[in-house]
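Notes for the structure review
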Amino acid sequence: MMPDMESNHHLNRFLREEDQKPLQHLPYTVLKEADISQRQLDDITQVCSTLSVARSAAIILLRHCNWNVSKLFDNWFDEEDEVRITVGLFKNPPVDQFSTYGSFTCEICFETFPGGDDFDDQRISSTFCDHFYCRACWVGYISKSIANDGLGCLSLKCPHPCCGAAVGEDMIFVLAAESADKDKYLRYLLRSYVEDSYRKRKIKWCPAPGCDHAVDFVDYVGGSGGACDVSCLCSYKFCWNCNEEAHSPVKCDTVAKWILKHKDESENTNWILVNTKPCPECRRPIEKNQGCSHMRCRAPCKFEFCWICLGPWGGSHSCNSYLQGVKNESDKRKEVAKLNLDRYIHYYERWVANHESRQKALVDFQLVQDVHLKKLDRKYRQTNPILSFITEAWLKIIECRRVLKWSYAYGYYIPKHEHGKRQFFEYLQGEAESGLEKLHHCAEVELEEHINADKPIEDFIEFRTKLVQLTVLIGNYFKNLVRAMENDLPEISSFGDYWSCYICTYVNEGSATMCVMCSSQSPVHGEV
Amino acid sequence: MQASRARLFKEYKEVQREKVADPDIQLVCDDSNIFKWTALIKGPSETPFEGGVFQLAFAVPEQYPLQPPQVRFLTKIFHPNVHFKTGEICLDILKNAWSPAWTLQSVCRAIIALMAHPEPDSPLNCDSGNLLRSGDLRGYYSMARMYTKLAAMPKKG
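The numbering scheme is per chain: residues are counted from 1 as the chain's sequence reads. Working convention: letters from A go to chains and numbers from 1 go to ligands, in the order in which they are written. Per-residue local features of the predicted model are confined to residues with pLDDT of at least 70, and side-chain atom pairs are confined, for both listing and counting, to 80 or more; whole-chain, interface and lining totals are unaffected and use all residues.

Think of it this way: any DSSP run of H or I at least four residues long counts as a helix, any run of E at least two long counts as a strand, and we number them from the N terminus. In terms of regular secondary structure, chain A is built from 16 helices and 13 strands. Residue burial is a threshold on neighbouring C-beta atoms within 10 Å of the residue's own C-beta, all placed from the backbone, with 20 or more meaning buried, 12 or fewer meaning exposed, and counts in between meaning partly exposed. The buried share of chain A, taken over its 528 residues, is 23%. Here contacts are defined at the residue level, using C-beta atoms placed from the backbone and a cut-off of 7 Å between them. Of the contacts formed within chain A by residues at least 6 apart in sequence, a portion of 57% connects residues at least 24 apart.

Counting its secondary structure elements, chain B contains four helices and four strands. Looking at chain B as a whole, 38% of its 157 residues are labelled buried. Counting only contacts in chain B whose residues sit at least 6 apart along the sequence, the fraction spanning at least 24 positions is 53%.

Our focus in this paragraph is the UniProt feature "active site" (unreviewed entry) in chain B. All names here are of chain B. UniProt positions are given in the numbering used here, feature names are shortened, and annotations may be inferred rather than shown by experiment. Annotation from UniProt places "active site" (unreviewed entry) at C90. The residue C90 is located in the loop between β4 (70-73) and α2 (104-116) in this model. We classify C90 as partly exposed; it has 17 C-beta atoms within 10 Å. Apart from residues no more than four positions distant in its own chain, C90 is found in contact with N81, S122 and L124.

Tracing the chain through its elements places B:F84 in the loop between β4 and α2. For the pair B:F84 and B:C126, spaced 42 residues apart in sequence, the C-alpha to C-alpha distance is 9.4 Å.

For the rest of this paragraph, the subject is the pairing of strand β2 (residues 36-42) of chain B. All names here are of chain B. On β2, burial follows the alternation: W37, A39 and I41 on one face are buried, whereas K36, T38, L40 and K42 on the facing-out side are not. Note on pairing: two strands pair once DSSP finds at least 2 bridges between them. Pairing analysis gives five bridges linking strand β1 (residues 25-29) to β2, with the strands arranged antiparallel. Counted as the bridge partner of V28 is T38 from β2. Here β1 hands over to β2 after six residues, the two strands then running antiparallel side by side. Here β2 runs beside strand β3 (residues 53-59); their pairing, made up of seven bridges, is antiparallel. Bridge pairing in β3 links K42 to V53.

Where strands meet in a sheet, backbone hydrogen bonds hold them as pairs that are either parallel or antiparallel. Residues and elements named next belong to chain A. As summarised here, the arrangement of the three strands in space is β1-β5-β4, forming an open sheet in which the pairing is antiparallel. Taken across any chain shown, the strands that pair with only one partner, and hence form the sheet edges, are β1 (28-31) and β4 (203-205). Strand after strand, the sheet turns through a mean of 20° between neighbouring axes, direction not considered. Looking at chain direction, β1 and strand β5 (residues 214-217) are connected through four bridges and run antiparallel. Each residue of the ladder has a partner; that of L31, found in β5, is A214. Angular values range over 0 to 180 degrees, each being the angle between N-to-C directions of two axes fitted as lines to C-alpha atoms, with helices fitted over their stretch in contact.

Time to look at the packing of helix α12 (residues 388-412) of chain A against helix α14 (residues 457-487) of chain A. Residue and element names in this part refer to chain A. Across the interface, α12 lies against α14 with an axial gap of 10 Å and an inter-helix angle of 30°. Between α12 and α14, the angle is such that the two are roughly parallel. Crossing hand, α12 versus α14: left-handed. Across the interface between the two elements, F389, E392, A393, K396, C400, V403, S407 and Y410 from α12 touch R464, L467, V468, T471, I474, G475, F478, L481, V482 and M485 from α14. Polarity classes work like this: nonpolar for Ala, Val, Leu, Ile, Met, Phe, Trp, Tyr, Cys and Pro, charged for Asp, Glu, Lys and Arg, and polar for all others, with Gly in that last group. Classifying every residue of the contact of α12 with α14 gives twelve nonpolar, three polar and three charged. Angles are sorted into four bins: roughly parallel if under 35 degrees, roughly antiparallel if over 145, roughly perpendicular if 65 to 115, and oblique for all others. What makes a crossing left-handed is the near helix being turned counterclockwise from the far one by less than a right angle; a clockwise turn instead makes it right-handed.

Facing the ten residues of chain B at the interface are eleven residues of chain A. Along the lines of polarity and charge, the residues of the side of chain B that touches chain A split into seven nonpolar, one polar and two charged.

All names here are of chain B. Taken in spatial order, the four strands line up as β1-β2-β3-β4 in an open sheet, and their pairing is antiparallel. Of all the strands in the sheet, the pair left with one neighbour each is β1 and β4. Taken pair by pair, the neighbouring strands of this sheet meet at an average axis angle of 20°, ignoring direction. Relative to β4, β3 is paired through four bridges, and the arrangement is antiparallel. Among the inter-strand pairings, A59 is bridged to a residue of β4, identified as Q70.

Structure representation (structure tokens):
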């Protein structure tokens, strides 16, 4: 069996090039929980050894300075006493005024504890002050703070109203009522390292539900308002700037508008889409609630029509025979509001369709990886073809579905008067979309055929060539589409009050209703 | 539950002892429920509340003293930090700055201090807060005085 050497050669070279492409340097790092703990521990250890303080004191100091080690050192070496007073790590706690003997009254429960063997065991202060409370009250005080104060439990103070002495980790661990409280405290400590960080907007949690990773965006400059996609290790992609799911190249404000609108109307729109047909006369959505197909629209329209063909219901209506090219010309009188909704539905439907298609592709891709690739590998083991092209095709599909989905939000917000822009954009989008459908079909249906049917290796090589070419082609289409959206099509909008003919591309004046060159109709005047 | 009851009982005993010591505050526990208290406090001198006696209602939670008691004025009072209709009090130690080392007695003292030193920037009674913030001390004084006379002082004749 000799595969087509020529195409195989190209193919392998293509795949090799793809493999050898140097890993793009990412401007951010995804940190696992262990990485965060390690960084935090490193900082704490550094502070402990430099300032000769205990771990619990180092935590209190670092948290005060938002985990900024160098700022802490600056403050500490400038004004150690002041820092100590602010955070409640008093150097010389006031001398214990009570005598060590005799009894002691807790200022919280007002219980009096007699002197004796368990005297010191019951008399506990925060170690930085001389306010003593009994063990039971301390336990209650600490567990209540861990339960209710959130991150605030990390800066717990002595219960005395006028005392700012800190209660550190060491004390909490000794007195925490349950081990669950300790775990909770440690979780808050970890969260604090990300959420209280002085590097605000440079480190944050991955917003995916259940994901414990944080992302450290080293070089983030911010302020541009542009989208900035970040891909977490949990495979969730989100926009660093607005925390929504990844939406590049569409800008954050467009996405925000879209999501707001989508929250407002999506439910209604969905229901209408699924359950109704518009009246052919007045366009009002109609839900069919009876069995026969003879529909009568509500007053004042009262239009009678056939549910199936949406044609008028005559005396002896029938739509059983197929007629070519019959169009209903009665829908010229659309209301503006209805038009807008229709327009929105148009974009929304496609946005949803691509979203769902992507979700499905994610599931399918998992199946391809887990099952299909192994099958293919067994089947064509002798010839040992490289199967990574299938993975690449699927990754391309998933990414392109995402871009395409957001391109509908972008398309919806292209200003109405910028027809040239819209036309050009829709051309690019159309190319990209039909290409993607081909690719998706190829990777989905045709791949299935090769897995299930017993086809010769030549067929598979041919399939491989086709899929690789499609992947590259679709990649180029989407590159163009993405570039257009990123640049916001400036070359088109600069036309101003002109429109370019979509047949011959001649640039006509805005007022012209027909193309001066080829007499085709202006999109401005031709559209409803 | 047991801890709060024990502590309230201790406070009750303390109050009996201190009654003479602080003549401005009279704390009374409900006969049948140790978690319900009322207090009579005297309006501080050199304020529009001078000469008035104001009644406070305490509802003590079971987690007391880890959680603060709920306190409100039963007597009508015109003060920026007291809700004119419900008598609710906006005071940090009754919310997030609570410490279990505070007692019902010390809460009363804090409320007396609040009457003398209103915080017009976080008002529950906007009319009162606006008078103070716009510098109309005379207006504030006369309104507060009027309500003290109407609600917190024995009717003459």
